[in-house]
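# Structure at a glance
The chain contents come next:
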Amino acid sequence: MERVVIIGSGCAGLTAALYTARANLRPLVLTGRQPGGLLTTTTTVENFPGFPEGINGYELMTRMQKQAERFGAQVKFGTLEAANLARPPFQLTVDGELIETEALIIASGASHRHLGLESERKLENKGVTYCATCDGALPMFRNQPLVVVGGGDSACEEALYLTRFGSIVYLVHRRDTLRASPIMAERTLAQPKIKPIWDTVVTEVLDVQQDKVTGVRVRNVKTNAESVLECAGLFVAIGHVPNTQLFRGPLDMDENGYLIPRQGAATNVPGIFVAGDCADRVYRQAITAAGMGCAAGIQAERYLAAR
Ligand code: NAP
């Protein structure tokens, strides 16, 4: 029986691991499918305090893991398949193995939102991608026109990164102003290789028949005019959906699937705590996830001490 299991190894999970490890609880951290979480797929993180020159996302997460392990956290590669969360001990099925724990911290993060087009699904990894830092440098995208969809910080970051590789980067956004933070929006619109396409949605990814991306069909939402943008890659950056499907039922969540924290990082089930993007629809920053991870770690420790 574990004292505390942490689901997720992003900023929230690893900070919770650091705090519970320093409380001598030897937390077991389950990495999930993406060890290090979404931050490992970004380039430079410029807004994590303590790094005036910025820090590579992958490096930041590697350092966080090392720091937690130094105090006794055990990091295990594994994906949660089922959870019985009615009461402690909580039962988790991880890659077919049953793990029981007295306390549980859910820091399962969020995944990339998809446009929901059939052609998008069929051409995933054949020119459709959700991560410019992972895929942008592939030969198929070099010196080719590329399309990024979205208007938030992620879309701006992807578009800026892709200017290194593409001949031109179309930024297709459904409104006529960016949602991104002013500094990112300014930088993006000042980059001559980025061409914003306002008030526009992607309606189809071409060409399923050729089994590769050759363009996107777009529609102007104000005029309804349709046209085709030729491109070799479609980078979708339209936000995230929380990874909480397995907790539906016993844990309170809102209509979008975000877990609802109460009294700090607690949930409606005593002994279960939450942290990070799976429970935060407002801030969704590395530093707020780390802060919630800290709170969840401290609350789990106090819960176990009181038992
Ligand atoms: P976001 O801020 O939620 O933006 C999502 C964008 O996608 C919005 O512009 C939205 O349009 C658009 N969108 C959503 N659904 C769509 C659909 N079905 N079709 C077309 N467009 C759609 O998500 P994000 O950019 O991933 O950022 C998430 C959080 O991470 C934010 O808090 C952000 O500040 C943070 N972040 C920070 C950095 C950084 O500081 N360097 C980098 C990346 C992310 P509308 O504008 O019309 O809603």
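Keep in mind it's a predicted model, so treat the numbers as computed, not measured. Per-chain numbering applies: the sequence of each chain, read as written, is numbered from 1 onward. Local features in a predicted model are, by the rule used here, given only for residues with pLDDT of at least 70; side-chain atom pairs are given and counted only at 80 or more, and totals for whole chains, interfaces and linings are based on all residues. Side-chain metrics rest on all non-hydrogen atoms present in the structure, leaving aside hydrogens and water.

Once that is clear, we can look at the overall build of the protein. Put simply, DSSP H or I for four residues or longer makes a helix, DSSP E for two residues or longer makes a strand, and each gets a number counted from the N terminus. Counting its secondary structure elements, the protein contains 7 helices and 19 strands. As defined in this context, the radius of gyration uses C-alpha atoms, and a globule is described by 2.2 Å times the residue total to the power 0.38. Taken against the 2.2 N^0.38 rule, which gives 19 Å for 307 residues, the C-alpha radius of gyration of the protein at 21 Å falls within 12% of a compact globule. Overall, the protein is about 65 × 40 × 35 Å in size when its C-alpha atoms are taken along their principal axes. Counting over 307 residues, the protein shows a buried share of 50%. When contacts within the protein are restricted to residue pairs at least 6 apart in sequence, long-range pairs at least 24 apart make up 58% of them. Entry remark: accessible area of the protein is about 14800 Å², with carbon and sulfur atoms responsible for 48%. Across the protein, the centroid of the 31 positively charged side chains sits 2 Å from that of the 31 negatively charged ones. Only protein chains enter the accessibility calculation, which uses a 1.4 Å probe; a residue is then buried when its area is under 20% of its type maximum, exposed when over 50%, and partly exposed in between. Contacts are assigned to residue pairs with any non-hydrogen atoms lying within 4.5 Å of each other. To measure how exposed things are, a 1.4 Å probe is used in the Shrake-Rupley method; for residues, cover is taken only from the protein chains shown. The sign given to each residue is positive for Lys and Arg and negative for Asp and Glu; His and the chain ends receive no count. To locate a charge, the coordinates of NZ of Lys, CZ of Arg, CG of Asp or CD of Glu are taken.

Before going further, it helps to examine the site of the ligand. What surrounds the ligand is a group of 18 residues, the closest being Asn47, Asp153, Ser154, Arg175 and Arg179. Pairs of N or O atoms are called polar contacts if they sit within 3.5 Å, as long as, within protein, a hydrogen donor faces a hydrogen acceptor (for residues adjacent in sequence, only side-chain-to-side-chain pairs). Measuring from an oxygen atom of the ligand, one finds a backbone N or O atom of glycine 151 at 3.1 Å. Looking at which element gives the most residues to the shell around the ligand, the answer is helix H5 (residues 153–162), with 3 residues. The residue inventory of the shell around the ligand, partitioned by class, reads 3 nonpolar, 9 polar and 6 charged. Distances are taken per atom, and a residue is near a molecule or strand as soon as one of its heavy atoms is within 4 Å of it. Classes in brief: Ala, Val, Leu, Ile, Met, Phe, Trp, Tyr, Cys and Pro nonpolar; Asp, Glu, Lys and Arg charged; the others, Gly included, polar.

We now examine the sheet that holds strand E15 (residues 215–220). Strand pairing is assigned whenever DSSP identifies at least 2 bridges connecting the two strands. Pairing within the open sheet is antiparallel, and its 3 strands lie in the order E14-E15-E16. Every interior strand has two partners, whereas the edge strands, strand E14 (200–206) and strand E16 (226–230), have only one. Pairwise comparison of adjacent strand axes, ignoring direction, gives a mean angle of 30° for this sheet. Here E14 runs beside E15; their pairing, made up of 6 bridges, is antiparallel. Counted as the bridge partner of threonine 200 is asparagine 220 from E15. Comment: axis = line fitted to C-alpha atoms, over the contacting stretch for helices; angle = value between 0 and 180 degrees taken between N-to-C directions.

The term disulfide refers to a covalent linkage connecting the sulfur atoms of a pair of cysteines. The disulfide criterion is simple: two cysteine sulfur atoms within 2.5 Å. All told, the structure shown has 1 disulfide when counted by the stated rule. A sulfur-sulfur distance of 2.0 Å marks the disulfide that ties cysteine 131 to cysteine 134. Between cysteine 131 and cysteine 134, the S-S dihedral sits near 75°, and the bridge is therefore right-handed. The buried category is assigned to cysteine 131, whose relative accessible area is 6%.

Looking now at the domain arrangement of the protein. For the protein, the assigned domains read domain 1 (2–111 + 241–306) and domain 2 (114–236). Where each domain begins and ends follows an automated or database-derived domain assignment. Taken over C-alpha atoms, the centre of domain 1 sits 31 Å from the centre of domain 2. Contact with domain 1, which involves 5 residues of that partner, is made by 6 residues of domain 2. Each of two parts loses accessible area, computed with a 1.4 Å probe, when they are put together; buried area is these two losses added. Together, the buried faces of domain 1 and domain 2 total about 420 Å²; carbon and sulfur atoms form 48% of this surface. It is Thr41, Thr43 and Glu46 that lose the most area in domain 1 upon contact with domain 2, and together they represent 81% of the buried surface on that side. Note on definitions: salt bridges are taken to be side-chain nitrogens of Lys or Arg within 4 Å of carboxyl oxygens of Asp or Glu. Remark: the boundary between domain 1 and domain 2 carries 1 salt bridge.

Burial in helix H6 (residues 182–190) covers these residues: Met184, Ala185 and Thr188. Seen from one end, H6 has its buried residues packed into an arc of 100°, which puts them on one side. Opposite the buried face of H6, at more than 90 degrees from it, the exposed residues are Pro182, Ile183, Glu186 and Ala190. In the core, the buried residues of H6 are packed alongside H5, strand E12 (168–172) and strand E13 (194–197). The directions considered for the arc are those from the helix axis to the C-beta atoms.

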